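The chain contents come next:
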Amino acid sequence: MSLSKAHAGDGGTPLLHLGLLLAIQVLWGANWVFAKIALTEIPPLALMTLRFLVLFTIFVPFMRWHKGQMGDIAIAALTTGALSFGTGFVALTLAHDIA
């Protein structure tokens, strides 16, 4: 039986999916650790801008463009992503201990 066909328990969730979910959570958590380290050298809003530019460059080939809706999508991305990470990175610069 292949890994993608193996299931965890009786729930029917493939082990591969659980592994991918775990990898996403580890990467997401590591993001804040790396951000705290990077913020010792880079201002918070510059780091957030750099982060979004790098990710945009990586993911733009996979994006689906929806004519007439991209303005709304850009506003949603800027308000949810930029405000969230911007305030989070500023908070990390003010925090002395994040353990």
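Keep in mind it's a predicted model, so treat the numbers as computed, not measured.

> Summarise helix α2 (residues 44-59); cite the residues concerned and give the values.
Helix length check: α2 (16 residues) gives 22 Å between terminal C-alpha atoms against 22 Å at 1.5 Å per residue, within 8%. Within α2 the residues assigned to the buried category are Pro-44, Leu-47, Met-48 and Arg-51. Viewed end-on, α2 has its buried residues packed into an arc of 100°, placing them on one side of the element. In α2, the exposed positions angled more than 90 degrees off the buried face are occupied by Leu-53 and Thr-57. The inward-facing, buried residues of α2 contact α1 (15-38) and α3 (70-94).

Rules and cut-offs
Every residue gets a number counted from 1 within its own chain, in the order that chain's sequence is written. The predicted origin of the model limits local features to residues at a pLDDT of at least 70 and limits the giving and counting of side-chain atom pairs to 80 or more, whereas totals for whole chains, interfaces and linings rest on all residues. The basis for the side-chain values is all heavy atoms of the structure; hydrogens and waters are excluded. A helix here means a DSSP run of H or I that spans at least four residues, while a strand means a run of E at least two residues long, and both kinds are numbered starting from the N terminus. Between the first and last residue of a helix there are one fewer steps than residues, each counted as 1.5 Å, and that sum is the expected span. Relative accessibility under 20% of the residue-type maximum defines a buried residue, over 50% an exposed one, and the middle range a partly exposed one, all with a 1.4 Å probe and only protein chains included. In this description, the arc belongs to the directions extending from the helix axis to the C-beta atoms. Contacts: residue pairs with any heavy atoms within 4.5 Å of one another.

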